[in-house]
Structure formats: structure tokens, C-alpha cells
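Spelled out from the first residue to the last, the chains are:
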Amino acid sequence: MIMNYMIKINVVKTTNEETKVKAFANVVFGNSFKVTNISIIENSKNGELFVSMPRYRSSELGEDGQPVYKDVCNPITKEFREELYTNILATYEKAVNDHVAVMTVGEKERDKVAEPKHSVRMHPLDKEGSNVKAVGQIYIEDSFIINNINVIEGKKGLFVTMPSYKTKKVDEEGKAIYQDICYPVTKDFRDKLFASILDGYAAERDKTVIEPEKNQETELPFKGKEESKEETMDEDAPDKTQEQKAPAKKSKKK
């Protein structure tokens, strides 16, 4: 299977030699779905570069009593992980040495690139007083997973939210603005994706309902120490001041 995707690198410009985050990468699958805030980091011990996917702080604690951070999204096969990470690092080297910050993998002509195949897995929740009705995952080409997809009960019905991080910006009411980390970039794919998420929720709702973990996150603040850097990464990312609604498909309970 050949995955069609494009990598874009934003090199971190700083005079601080101690900064270990060297660049951020965005990956767009099939010209339809974008993943942002992928870090390229220098290992402080050996100086080697490695790729770190966007992460969030979970409610779990490690053996040292510190919060456990988990990937928002990541490759799920060894083959694709090695391919993607190798291409991200290669694109970074080209950005630094040749000032070429983009790599296209697969089909080169954009108008011939097909939307990525996707599937969803939803897990209904039943917590009194909560407007979060389900959490779930999106699978891209059975090779890449996006976690923490939420189905929310709003004033006008159900809508879908993508993983996001809290910025330092505020809206007109003084409320914090959240920006999406992963999101569809075309209206057609957004409509298809969000419809499949709501359909998946409806199909699973009457089968089983799980109780959320205590203190389970429904908003995904990005890893705190990197928030200020992330804010400038992807200015076209949707923010949370506006609900991104899927086509109305609220099904009635039997």
C-alpha cells in the first residue's frame, strides 16, 4: 500500500543553543486530513534527532508519581512509522541545508490524490451531567491513528470535536481559545468524516456504554512547556470559538 501524504517543516529560529526542539512538522494525508505539532527534537545525550508526535497529559500517574503523557496521534504499524519518521527527518535536513521545507510522498499531482481511506471506532459514555457523549479514534489507511475524538451534545444537537490544545489567546468573552491538532482540511472530507463518527456513535450507543475514568480529560491541553511554541505553528488550524458541526444526524433512542 502506498500512502499519499505531504510533509511541511517549520524550523525553529532561535539564538538559544540549549533549545532541543529544532523544528515542527505538519503532515497532510491525501490533501484531506492534517496533523500538526509534530516535533523534531535533539537528544541531549548523543545529539541525534528524533520525531515526537503531539502529546497530552493523561489522568494516569507513572511510578515516579508524575503525570503520564500519551500520543494524540501516531503511526500504528512498524513499517509506516519507520517510513514517516525517516521522511520527516529527511525533510528537516533539506529545510536546513537546501531551504526546501516540503516533501511529497506518493502521487505528485495534487488533483489526482485521492482522499485517504478511513474508519472510526467510537465508545459511548454515560456520565450524568456531562455533555460528552462519546470518545473514539480515527484510523487513516489502517496505518495511522488519531485518538480522543469527542462527540458533544450541544444546544443545537450533536457535534464532533477534534483533539486540541489550549493557546494563550482569548476570545471576545475572555475565554481561552483552543486550536485543533488534527483536523480535516476540506469541506467534503470533513462532512464525510464527521458523519461517519456520528454514525459510529449511533451504532455503538445501544450496544454498550462505558463509564469515563475519574478525572478523564475531554479537552486536550497540549504538553504545557511547549504551548507557547505551538501557537505559531499552524495559524490556519480551526479554533474552538466556533463549533465544527457535522451534518445533522441525531438518531432517536429506541
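These numbers come from a predicted model, not from an experiment. (Residues numbered from 1 in each chain as written. Predicted model: local features only at pLDDT ≥ 70, side-chain atom pairs only at ≥ 80, totals over all residues. Heavy atoms only, no water.)

(A) View of the packing of aromatic side chains. Scanning the model with the defined rule gives 5 aromatic pairs in all. Between Tyr 5 and Phe 80, the ring centres sit 5.7 Å apart and the planes meet at 90 degrees, which makes this aromatic pair edge-to-face. Taken together, the positions of Tyr 5 in strand 1 (residues 5-11) and Phe 80 in helix 1 (residues 78-97) put the pair 75 residues apart, joining distant regions of the chain. Of the two residues examined, Tyr 5 and Phe 80, each falls in the buried class. Centre to centre, the rings of Phe 29 and Phe 144 are 5.1 Å apart; their planes meet at 50 degrees, and the pair counts as tilted. Placement of Phe 29 in strand 2 (residues 21-29) and of Phe 144 in strand 11 (residues 144-154) is noted, with a sequence separation of 115 residues between them. Phe 144 matches Phe 29 in its accessibility class, with the two residues each being buried. Following the ring pairs from residue to residue traces out a cluster consisting of Tyr 5, Phe 29, Phe 80 and Phe 144. (Phe/Tyr/Trp six-rings, centres within 6.5 Å; stacked < 30°, edge-to-face > 60°. Helix = DSSP H or I, 4+ residues; strand = E, 2+ residues; numbered from the N terminus. Buried < 20%, exposed > 50% of the residue type's maximum accessible area, 1.4 Å probe, protein only.)

(B) Focus on the pattern of salt bridges. Tallied over the full model, the rule gives 7 salt bridges. Of the charged contacts, one joins Glu 173 and Lys 175 as a salt bridge, the two residues approaching to 3.5 Å between their closest N and O atoms. In this structure, Lys 187 engages Asp 191 in a salt bridge whose closest nitrogen and oxygen atoms are separated by 2.9 Å. Placement of the pair is Lys 187 and Asp 191 together in helix 2 (residues 187-205), with a separation of 4 residues, close to one helical turn. By relative accessible area, Lys 187 is classed as exposed at 53%. (Salt bridge = Lys/Arg side-chain N within 4 Å of Asp/Glu carboxyl O.)

(C) How the structure looks around the pairing of strand 6 (residues 67-71). In this structure, strand 5 (residues 55-61) lies alongside strand 6, joined through 4 bridges in antiparallel fashion. Opposite Arg 55, over in strand 6, you have Asp 71 as the bridge partner. Connecting strand 5 to the antiparallel partner strand 6 that follows it, the hairpin turn spans 5 residues, and Gly 65 within it adopts a positive phi of roughly 85 degrees. (Pairing = 2+ DSSP bridges.)

(D) Summary view of the nonpolar core. Grouped together as the largest cluster of nonpolar side chains are 45 residues, with contacts concentrated most on Tyr 5, Ile 9, Phe 29, Ile 88, Phe 144, Ile 146 and Ile 197. The contact partners of Phe 144, leaving out residues within four places of it in the chain, are Phe 29, Val 35, Met 53, Cys 73, Asn 74, Pro 75, Ile 76, Phe 80, Leu 84, Ile 138 and Tyr 139. Ranked by size, the runner-up nonpolar core spans 5 residues in total, among them Val 132, Val 135, Ile 152 and Phe 159. (Core = buried A, V, L, I, M, F, W, Y, C linked by side-chain atoms within 4.5 Å. Contact = heavy atoms within 4.5 Å.)

(E) How the structure looks around the confidence of the model for the chain. Looking at the chain, the pLDDT average stands at 84 and 81% of residues meet or exceed 70. Mean pLDDT across the secondary structure elements of the chain bottoms out at helix 3 (residues 227-230), with 41, and peaks at strand 7 (residues 73-75), with 97. With pLDDT under 50 throughout, residues 241-246 is counted as low confidence; its partners more than four residues away or in other chains account for 17 contacts. Within the model, the stretch residues 248-254 combines pLDDT values under 50 with 9 contacts to residues more than four positions away or in other chains. (pLDDT = per-residue confidence, 0-100.)

(F) Up close: the pairing of strand 1. Two strands pair when backbone bridges link them, and strand 1 and strand 8 (residues 102-105) are joined in this way by 4 bridges, in the antiparallel orientation. Note that in strand 8 the partner of Lys 8 across the bridge is Val 102. Of the pairings in the sheet, the one linking strand 1 to strand 2 comprises 7 bridges and is antiparallel in character. For Ile 9, the partnering residue across the bridge sits in strand 2 and is Ala 25.

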